[in-house]
Structure formats: structure tokens, C-alpha cells
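Commentary on secondary and tertiary structure
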Amino acid sequence: METDYDLIIIGAGPAGLTAGIYAGRYGLKVAIFDKLTAGGQLALAPLIENYPGYKTIAGPDLAELMKTHAEAAGAELFELTDVQVIQKMSNMFKVLTNNGQEFTAKAIILATGSTPRKLGVPGEEQFTGRGVSYCALCDAPFFSNKTATVIGGGNTAVVSAKYLSDLGSNVRLVHRRSTTRGEETIKKELLAQNVQFYWNSIVKEIRGKDKVTSIVLQTQGKELEIATDGVFIHVGETPVNNLAKKLGLKLNSEGFILVNHHQETSIEGIFAAGDITGGILQVSTAVGEGTIAAINAYLYIKGGWYPETGTE
Ligand code: NAP
């Protein structure tokens, strides 16, 4: 098997797959590795309604389109292949995978994404998979005609609440503030679907026996126990930065990789794109960053010129 590449991309979410499309079309020999299957967090999104060109599309469908596009452009996709170590040699990188294979590349793009943040309350770990979930797309069907409580106030929480409600769950949304930061369009839909809101409420505990039966909230100075069958936790994302840390890349205070406007990291030849760089975590921004990373990786490998942007 050929193991020498121009470019190795780690992570096959929207950023990594887009970088693969561009790199392939630029004629680079490019491989994309993903420890799971292609799609990243996008493949777990019940509904995408703000990606240009698709008024409504299910996350897995959009992910599949991106995957087939990247492969058609010439990117070689290695799924279920976990990159363990990246070593910088004098003028190239060595990439070692969990199945003992060794690859080389002239440049690297890290597109390792993010993973749902834990709430950190008693009962959360104990009941994960037994009522506690971080993925509405995966688990919402188990809660149709049952009660599901969504925790969080971002877009993931409101989309999840809508999806659960659409599938016939009796949905509550618990948030520590008096409003969400989710899109107004979905918020209005939740109101129309009779989702019950618990504002200014903090989850203290998830209770149950074999599976979840209730959650305990601290709300308006009082403790309130509400019965629920499911708890969907959507309280933000944490970066998947183990490779970045091993490489010694500069990270921000939350652990996301610091990049400049060329998507260059603190190590020459290594670029980063998508959720792993923090900030606005959208499919469209991941796609944009993947594009920038791929073009700049191409220029790094081949040498060349591209117009400067106006930003610092
Ligand atoms: P997010 O936007 O960071 O929101 C996390 C929410 O969880 C916030 O409301 C936050 O409260 C709350 N939270 C954080 N820690 C908490 C804690 N310990 N206890 C209780 N609540 C806590 O995260 P997200 O909703 O997962 O979204 C991540 C990114 O993906 C965002 O950029 C989002 O726009 C994007 N996204 C986009 C789509 C889409 O466009 N289709 C769908 C899903 C997600 P505070 O408000 O008080 O900070």
C-alpha cells in the first residue's frame, strides 16, 4: 500500500472533507483519516436549515454528499483509523495510526473537531445510555410518547428539542438563563409546539433506578424534582485536541487550536480547520476554514502565490 502523501487530513467532518475536495482537485495526493466514520458532528445533526443551497437537509445526508464529493475529487478516506502520533521530521511529517501503520505527508491539516461537553452532575455518567443522551438524532426515537428534558440554551439544544417534539415526545427545555441563544426561527417553532421551558434553572442531579426517572433543578431559589424519561444534554462543545497537545501546538484558554487567517498553526506545515479552532462552530464556517487550509497547504507544499486578504 502506498503510504506517502502530499497532504494528510485528520478528521472527516465538514472541514476535513472540504479540504479533501480542494486538495484533490488541486492535484495533491491526499488522505483523510477519521477514527469513526465520515461526517463528524454533522452526521449527528437531526436537521440543518442554514447551510446555503439546502433549505432543509438532515445532517447525515449532507455529510454523505460531502464524503462522496471528497472521494470523487480524489481524496482517499481511511475511516475507523485513529491517528495516534504525528511526528515532525526535517521536511515532512510521520503519521502513526492505531493499527500500526505509518504514513508520511508534506503537510497536515488537523480537523479533529469537538465533542459534546459533559454537564458534570451526579447521575449523568451512571445513566448515560439509560436515559441520558448527547445525541437527539441517535436516541430521540426511543422517547416518542415519553417525556424528554433537554438541557442547554444553544442551537444544539433548540434543534434537539424541536426534533424530539416532532417525533412525539413531551419536551421540556431547561436553561440556566432566561432566554436561549438558539435561532429565533426554531424558538418560535418550539413555542408553537408547546415545549415547556424551565428558565433560570440549574440541573443539580439526574435520578433513576435502572434508567432515568427524574431530574432535580435549582430554580428560583427552590429545589424542584421533575419526572422525565430522557435527558438530552447539549451544553456546548469541547475540542478534540489530544493530537494538537502531543504536537505542542499553541492552544487558546479553552483548548482550541490557535490559527492565523491562513489557518496556519504554531508549527510550520500544520494547518487546522473547523470546530477544533473554536469560535463560531457552524458547518458553513468549517467548510470555509477547510477551503482556506487546503489552499494554503497546497501553496506550502508547492510554493506559490495567492492574494493576501485584508485581515491582520
Ligand atoms: P453553545 O452554543 O456553546 O451553547 C451551549 C449552551 O449550554 C449555552 O446556552 C450555555 O449557557 C449552556 N451551558 C454551558 N455550560 C453549561 C452548564 N455547565 N450548565 C448549564 N448550561 C450550560 O453550544 P451548542 O448549542 O452545542 O452549539 C455549538 C455550536 O454549534 C454553536 O456555534 C451553534 O451555533 C452550532 N450549532 C449550529 C446548528 C445549526 O446551525 N444547525 C445546530 C447546532 C449547533 P449560556 O448561554 O449561559 O452560556
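Data block above holds the structure.
What you see is a predicted model; the values in this text were computed from it and never measured.

**Quick look at the site of the ligand**
- Neighbouring residues of the ligand: 16 residues in total, closest Asn50, Thr156, Arg177, Arg181 and Gln282.
- At 3.5 Å from an oxygen atom of the ligand is found a main-chain nitrogen or oxygen belonging to glycine 154.
- At 2.7 Å from an oxygen atom of the ligand is found a side-chain nitrogen or oxygen belonging to glutamine 282.
- For the ligand, whose unbound accessible area comes to 900 Å², protein coverage reaches 80%.

**Considerations on helix H5 (residues 184-192)**
- Taken as a whole, H5 has its buried residues at Ile186, Lys187 and Leu190. Along the axis of H5, the buried positions cluster into a sector of 105 degrees, meaning they face one direction only. Exposed residues lying more than 90 degrees from the buried face of H5 are Thr185, Lys188, Leu191 and Ala192.
- At its buried positions, H5 is contacted by helix H4 (155-166), strand S10 (170-174) and strand S11 (196-198).
- Asparagine 194 sits one or two positions beyond H5 and adopts a positive phi of about 60 degrees.

**Describing the side chain of glutamate 237**
- Within the fold, glutamate 237 resides in strand S16 (residues 237-239).
- Salt bridges are absent for the buried glutamate 237, whose nearest opposite-charge side chain, arginine 117, sits at 8.6 Å.
- A polar contact of 2.4 Å, which involves the side chain of glutamate 237, links it to the side chain of glutamine 41.
- Within polar-contact distance, the side chain of glutamate 237 engages the backbone nitrogen of threonine 115 at 3.3 Å.

**Looking at the pattern of salt bridges**
- The final tally for this structure, using the stated rule, is 9 salt bridges.
- Arginine 207 is the partner of glutamate 205 in a salt bridge, and the nearest nitrogen-oxygen pair spans 3.4 Å.
- The partly exposed category is assigned to glutamate 205, whose relative accessible area is 27%.
- When its relative accessible area of 30% is taken as the criterion, arginine 207 is described as partly exposed.
- For the salt bridge of arginine 207 with glutamate 225, the shortest nitrogen-to-oxygen distance reads 2.9 Å.

**Some words on the state of the cysteines**
- Scanning all chains against the criterion turns up 1 disulfide.
- The disulfide bridge from cysteine 135 ends at cysteine 138, spanning 2.0 Å between sulfur atoms. For the disulfide bridge between cysteine 135 and cysteine 138, the dihedral angle about the S-S bond is near 75 degrees, and by the sign convention the bridge is right-handed.
- Taking relative accessible area as the criterion, cysteine 138 reaches 40% and is therefore assigned partly exposed.

Rules behind the numbers
- Residues numbered from 1 in each chain as written.
- Predicted model: local features only at pLDDT ≥ 70, side-chain atom pairs only at ≥ 80, totals over all residues.
- Heavy atoms only, no water.
- Near = heavy atom within 4 Å.
- Polar contact = N/O pair within 3.5 Å; in protein donor to acceptor, adjacent residues only side chain to side chain.
- Areas by Shrake-Rupley, 256 points an atom, 1.4 Å probe, with all protein chains shown as cover.
- Buried < 20%, exposed > 50% of the residue type's maximum accessible area, 1.4 Å probe, protein only.
- Helix = DSSP H or I, 4+ residues; strand = E, 2+ residues; numbered from the N terminus.
- Arc of directions from axis to C-beta.
- Contact = heavy atoms within 4.5 Å.
- Lys, Arg positive; Asp, Glu negative; His and termini not counted.
- Salt bridge = Lys/Arg side-chain N within 4 Å of Asp/Glu carboxyl O.
- Disulfide = S-S within 2.5 Å.

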